[in-house]
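The residues making up each chain are set out below.
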Amino acid sequence: MSEERSPAGAVASLEVKSTWTRRHVLDLDDFSRAEIEAVMETAGAMTEVLGREVPRVPALRGRTIVTLFYEASTRTRASFELAAKALGADVINIAASGSSVQKGESLYDTVRTLQAVGAQMLVMRHASSGAPYLVARHVEMNVINGGDGWHAHPTQGLLDIYTMRSHLGDLRGRRVVIVGDIAHSRVARSNIWGLTNLGADVVVCAPPTLLPFGMRPDGAPAEPLALPRVTVETDLDRAVEGADVVMALRLQLERMTAGLLPSLREYARLYQVNEERLARARPGALVMHPGPMNEGVEISPAVARSLQSTIEEQVTNGVAVRMAVLYLLARGKA
Amino acid sequence: MSEERSPAGAVASLEVKSTWTRRHVLDLDDFSRAEIEAVMETAGAMTEVLGREVPRVPALRGRTIVTLFYEASTRTRASFELAAKALGADVINIAASGSSVQKGESLYDTVRTLQAVGAQMLVMRHASSGAPYLVARHVEMNVINGGDGWHAHPTQGLLDIYTMRSHLGDLRGRRVVIVGDIAHSRVARSNIWGLTNLGADVVVCAPPTLLPFGMRPDGAPAEPLALPRVTVETDLDRAVEGADVVMALRLQLERMTAGLLPSLREYARLYQVNEERLARARPGALVMHPGPMNEGVEISPAVARSLQSTIEEQVTNGVAVRMAVLYLLARGKA
Amino acid sequence: MSEERSPAGAVASLEVKSTWTRRHVLDLDDFSRAEIEAVMETAGAMTEVLGREVPRVPALRGRTIVTLFYEASTRTRASFELAAKALGADVINIAASGSSVQKGESLYDTVRTLQAVGAQMLVMRHASSGAPYLVARHVEMNVINGGDGWHAHPTQGLLDIYTMRSHLGDLRGRRVVIVGDIAHSRVARSNIWGLTNLGADVVVCAPPTLLPFGMRPDGAPAEPLALPRVTVETDLDRAVEGADVVMALRLQLERMTAGLLPSLREYARLYQVNEERLARARPGALVMHPGPMNEGVEISPAVARSLQSTIEEQVTNGVAVRMAVLYLLARGKA
């Protein structure tokens, strides 16, 4: 079996350059461009690590990372777990079901307990927007938001940006279309913050009922999403025109029963990313999706599996990006 | 603490002889005799590893193995998890409950995601017969069927064979009786394929309602179980006559409510493996059961805990056999 | 990254002194004072390990520890899991939901299977008092009771004692008040056994309906809790007078619906540990709680977060104490 290389290789060489001081990753709204760059660069080194015969470095050996998921997840939890293990950390998984969380233990109590047990880092997903902020105020652990309600999913934003940059390089002036249920999407929000920070032009596209109030055609000038580089478009054909990236969001099928959409068929007819529409984008435009997909609803199967699709690449990059985030937070703390 | 020995010991010495090329272990129906022998021999080396002071070898260090279980399991999941850890692999457990599988994510999406996350091997259990075949067609990962519906459970078959051979040596001409709910048993199917391949004579014994259609006394000549070396018997006393092995299957209690059986008491009277019946077998005949048992239904407590019982030995051997399968698949891939 | 020190350091130096022969930790009722001292001393060494840059020792490398929890838990399961990993052991977690335990597999079958799979140690929690005793009689594994019904929770008792001693030194003659639902509390029972053994004076305080029958004011002389050093008090103000330690127990809210209490408000008025009551204890008296807390019910928020509170310290000490227990059991077995 091949020997693992010392972290003094690709990973440790970053230590000189980076000046990371952030303690938590809660959203991208307060990330500086330099911080995003630090994640990108470190993720590049982690991609190199993951390509090795034995894709492991002991950079976080002896650290304990807890994943605390109040909502079900396959990809995000597995991605963080693998990222942590690839860095040599120990991982303790806690799902809300099957833990004493069911007994009505408060979030505060739970996280203070996990800290007292010896966890240095907490990756959490919660149905309530803002929950990780509340937690971060009361713990010494590094807190990483793995998705909070409709609010934010910063590592998803970072892995999407990493994926775009690996294909397109500098994102300044790039046209990124995000289509779907913007109103209820933490993925859209985190992407918007990160992408506009890097100079991309973001077009959000949705039926008016799935836009945040402030973005609706008849709405008032809006906060927090009415950013300089964000435009709103309710016609997907127009939105896609000249796009460098088209990112489709998962349509939660319960939006239908809530009366926000007339029918799946109608939604697919007007907002599905399919081959015909994609032809209006730049040649070779990237097709992205945070998963899991409803193929045939927000995205056609042909487009989802086309050469332009980066959907599985996003998942793969997610591990490198999460390794980078864990690594930078651990270093910053020391 | 004692130092772990390099895999260049017992395990690595196999590398010269074996010519393993199989990428997936889905059932035993297409296993060659040489492949079964390769598993047996490798499992022997793994048994030696498991007997060490520190029963670990780093043969799969840096590999990620996912267990994806859509049906509940204690022994099979724990057995694979321990086998993987004993080989130095990292294990990520995903249970259908508590994962986004609940959200209606497709099996295809789930396994492609797990692959994209970086898993090299997938151990899966699914209620639908054939599900692992579907998966194997769409992934680069090595897929191991940990049980699919009524269809197959190949590592159970291999560990049963390993257990029989450790007591009986060559299985040619040995009489192996499998008694119970043959119709709905993946364990029976995988054992039948493996055992007949090795030249054993298999007798399946069940009430007609629990036999596959093609095996019923009034049925047509049947596929796939009407193999040359398989005979059907509805009388357990006759079946056990001269047996070298008597394997009782778990009776799923829901068969009763489905009207396939008059009563548990009636079933036990006619099909329980008990001391009286076992006396008709060869002296020292092995008593096997894949677990979990309904003691007092398909097997009497006295027989289950007798010296002839290999029931716990089967569980122990399961770890060595699964280590062997993981090891051979990992090597074949490199 | 810093190198981990050999276990021949702080931990191994204990090997000379200790004469541990116990195979299971089921309750503290049969612990000798010397055994409690051995846990305390070993836990002290483990606290030192946990303070290192890389808080890991390979003392249990190659050992497999199973946590089998039939009741939900965050802190206890995570604490044992981290303790085991800090000692280099592999951990397999089994929750009753999501395992074949749901299928009606017997406890006997389950634990025999886990043993056959290769587990050397079993940490179990079960709703039935006495379940771990039953298990211990039928396995070679070391069994650790992680809580059985209302009966016992010995590692909680040990970590509470460890926490008291780290502040108070020798516990002889110390006044320890345990207030709350004594009748249904495994924490109270294990603490009473351990504390009285070490010479502490224990005062249990509860409304009569939450006292065990034998302790009720109108009750008969009682077993097993009518120990020489235990007194019963139904008035908290009197109980707290001169106390060195005040331990509040979690009030299970279902006691209300069972008619054992008039109302939460009434309970809090009479039995809440608050600042006013705490003023009657010795200056600097410790406030303890096994968690999770109902703040505002059995304990006031101000007291829970005061400098006198050791509640998070208890959790932290729990890891060291569980490391000690795992370590001593593993050594005793060799």
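Residues numbered from 1 in each chain as written. Chains lettered and ligands numbered in written order. Predicted model: local features only at pLDDT ≥ 70, side-chain atom pairs only at ≥ 80, totals over all residues. Heavy atoms only, no water.

> Quick question: what am I supposed to make of the overall build of chain A here?
Helix and strand counts for chain A come out as 13 helices and 9 strands. Residue burial in chain A is summarised as follows: out of 334 residues, 62% are buried. Excluding contacts between residues fewer than 6 apart, the proportion of contacts in chain A whose partners are at least 24 apart in sequence is 77%. (Helix = DSSP H or I, 4+ residues; strand = E, 2+ residues; numbered from the N terminus. Buried < 20%, exposed > 50% of the residue type's maximum accessible area, 1.4 Å probe, protein only. Contact = heavy atoms within 4.5 Å.)

> Help me understand the relation of the copies chain B and chain A in this model?
Between the two chain copies there is a screw-like relation: a rotation about an axis and a shift along it. In screw terms, the move from chain B to chain A is a rotation of 120° and a rise of 0.0 Å along the axis, fitting with an RMSD of 0.0 Å. Taken together, the rotation and translation describe the operation of a three-fold axis. (Least-squares fit on C-alpha atoms with pLDDT ≥ 70 in both.)

> Teacher, can you tell me more about the interface of chain B and chain A here?
Accessible area lost upon the coming together of the parts serves often as the stated size of an interface. Taken residue by residue, the interface counts 28 residues in chain B and 24 residues in chain A. Note on chain B versus chain A: buried area summed over both sides is about 2300 Å², and carbon and sulfur give 51% of it. In this assembly, chain B and chain A are joined by 2 salt bridges. Put simply, Asp 90 of chain B and Arg 56 of chain A hold a salt bridge, and the shortest N to O gap is 2.7 Å. (Buried area = accessible area lost by both parts, 1.4 Å probe. Salt bridge = Lys/Arg side-chain N within 4 Å of Asp/Glu carboxyl O.)

> I would appreciate a short explanation of the packing of helix H6 (residues 154–168) of chain B against helix H7 (residues 186–197) of chain B in the present structure.
Helix-helix packing is characterised by the crossing angle of the two axes and by the distance between the axes. Residue and element names in this part refer to chain B. Put simply, H6 and H7 touch, their axes get as near as 8 Å, and they point 55° apart. Of the possible angle classes, the one that applies to H6 and H7 is oblique. Here H6 runs over H7; the crossing is right-handed. In this structure, H6 contributes Pro 154, Gln 156, Gly 157, Asp 160, Ile 161 and Met 164 to the contact, and H7 contributes Val 187, Ser 190, Asn 191, Gly 194 and Leu 195. Among the residues making up the contact of H6 with H7, the classes are represented as 5 nonpolar, 5 polar and 1 charged. (Axes fitted to C-alpha atoms, helices over the stretch in contact; angles between N-to-C directions. Parallel < 35°, antiparallel > 145°, perpendicular 65-115°, else oblique. Left-handed = near helix turned anticlockwise from the far one by under 90°. Nonpolar A, V, L, I, M, F, W, Y, C, P; charged D, E, K, R; others polar.)

> What is the right way to read the interface of chain B and chain C from this model?
Each side of the interface is counted separately: chain B has 24 residues, and chain C has 28 residues. Summing both sides of the interface, chain B and chain C together bury roughly 2300 Å²; the carbon and sulfur share of this comes to 51%. The interface formed by chain B and chain C contains 2 salt bridges. Here Glu 312 of chain B and Arg 112 of chain C are joined by a salt bridge, their closest N and O atoms 2.5 Å apart. For the pair chain B and chain C, the number of links is 9 residue pairs in polar contact (both at pLDDT 80 or more). Of all elements in the fold, only helix H3 (75–86) and helix H13 (311–333) of chain B reach the threshold of two or more residues within the side of chain B that touches chain C. For the side of chain B that touches chain C, the element with the most residues is H3 of chain B, which contributes 7 residues. For the side of chain B that touches chain C, the per-class residue count stands at 10 nonpolar, 4 polar and 10 charged. (Polar contact = N/O pair within 3.5 Å; in protein donor to acceptor, adjacent residues only side chain to side chain.)

> What should I look at first to understand the domain arrangement of chain A in this one?
Residues and elements named next belong to chain A. Domain assignment breaks chain A into domain 1 (22–153 + 316–332) and domain 2 (154–311). In this assembly, 34 residues from domain 1 lie in contact with 26 residues from domain 2. Of the roughly 2500 Å² buried between domain 1 and domain 2, counting both surfaces, carbon and sulfur atoms make up 61%. Of all residues in domain 1, Leu 28, Trp 150 and His 153 give up the largest surface area on contact with domain 2, accounting jointly for 29% of the area buried on that side. Across the contact surface, domain 1 and domain 2 share 2 salt bridges. For the pair domain 1 and domain 2, the number of links is 16 residue pairs in polar contact (both at pLDDT 80 or more). It is helix H2 (residues 33–50) that contributes the most residues to the side of domain 1 that touches domain 2, 8 residues altogether. Here the residues of the side of domain 1 that touches domain 2 sort into 14 nonpolar, 11 polar and 9 charged. (Domains from an automatic or database assignment.)

> I keep staring at the sheet that holds strand S7 (residues 230–233) of chain B and nothing clicks. Help me out?
Note: strands within a sheet are paired through backbone hydrogen bonds, in either parallel or antiparallel orientation. Residues and elements named next belong to chain B. An order of S7-S6-S5-S8-S9 is seen for the 5 strands of this open sheet, with the pairing classed as parallel. Only two strands of the sheet have a single partner each, and these edge strands are S7 and strand S9 (286–288). Here the average twist between neighbouring strands, direction ignored, is 20°. As judged from the 5 bridges shared by strand S5 (residues 175–179) and strand S6 (residues 201–205), these two strands associate in the parallel manner. Paired with Ile 178 across the strands is Val 204, a residue of S6. Where H6 meets the sheet, it contacts S5, strand S8 (245–248) and S9, and its direction lies at approximately 165° from that of S9. (Pairing = 2+ DSSP bridges.)

> What's the story with the confidence of the model for chain A in this structure? I'm lost.
Detail in the predicted coordinates should be disregarded across regions flagged by low pLDDT. Of the residues in chain A, 88% reach a pLDDT of 70 or more, and the chain-wide mean stands at 90. Considering only residues more than four positions removed or in separate chains, one finds that residues 1–8 of chain A, a stretch of pLDDT under 50, has 15 contacts. (pLDDT = per-residue confidence, 0-100.)

> So what exactly am I meant to see when it comes to the environment of Tyr 267 of chain B here?
Residue and element names in this part refer to chain B. Among the structural elements, Tyr 267 can be located in helix H10 (residues 264–271). Considered as a pair, Tyr 267 and Gly 318 are 51 residues apart in the sequence and their alpha carbons are 29 Å apart. Apart from residues lying up to four places away in sequence, Tyr 267 is in contact with Gly 180, Asp 181, Pro 207, Leu 210, Leu 251, Leu 261, Gln 272, Val 297 and Glu 298.

> Would you mind showing me how to read the sheet that holds strand S1 (residues 64–69) of chain B here?
Residues and elements named next belong to chain B. Taken together, the 4 strands give an open sheet; going across it, the order is S2-S1-S3-S4, and neighbouring strands pair in parallel fashion. If you trace the sheet from one side to the other, it starts and ends with strand S2 (90–95) and strand S4 (142–148), each paired once. Sheet twist, expressed as the mean angle between neighbouring strand axes with direction ignored, is 15°. Where S1 and S2 come together, 6 bridges link them in parallel fashion. When the bridges of S2 are listed, Thr 67 appears paired with Asn 93. Set on the sheet, helix H4 (residues 107–117) makes contact with S1, S2 and strand S3 (121–126); between it and S1 the angle comes to about 160°. Against the sheet, helix H5 (residues 131–138) engages S3 and S4, with an angle of about 170° to S4.

> Sorry, what's going on with helix H4 (residues 107–117) of chain C here?
Helical periodicity: at 3.6 residues per turn, an α-helix aligns residues three or four positions apart in one direction. Residue and element names in this part refer to chain C. Burial runs high along H4: 10 of the 11 residues are buried. Buried within H4 are the following residues: Leu 107, Asp 109, Thr 110, Val 111, Arg 112, Thr 113, Leu 114, Gln 115, Ala 116 and Val 117. Remark: Gly 118 follows H4 within two positions and exhibits a positive phi of approximately 125°.

> Explain unusual backbone geometry to me, please; I cannot follow it from the model alone.
Excluding glycine, a negative phi dihedral is what most residues carry, and trans is how most peptide bonds are arranged. With an omega of -15°, the peptide bond between Gly 291 of chain A and Pro 292 of chain A qualifies as cis. Note on placement: Pro 292 of chain A falls in the loop between strand S9 (286–288) and helix H12 (301–304).

> Any chance you could explain the packing of aromatic side chains here in plain terms?
Given two aromatic rings, one states the distance between the centres and the angle between the planes to describe the pair. Residues and elements named next belong to chain A. This structure, assessed with the given rule, holds 6 aromatic pairs over all chains. Between the aromatic rings of Trp 20 and Phe 31, the centroid separation amounts to 6.1 Å while the plane-to-plane angle is 70°, which identifies the pairing as edge-to-face. Of the two residues, Trp 20 sits in the loop between helix H1 (14–17) and H2 while Phe 31 sits in the loop between H1 and H2, which places them 11 residues apart along the sequence. The exposure class assigned to Phe 31 is buried, which follows from its relative accessible area of 3%. (Phe/Tyr/Trp six-rings, centres within 6.5 Å; stacked < 30°, edge-to-face > 60°.)

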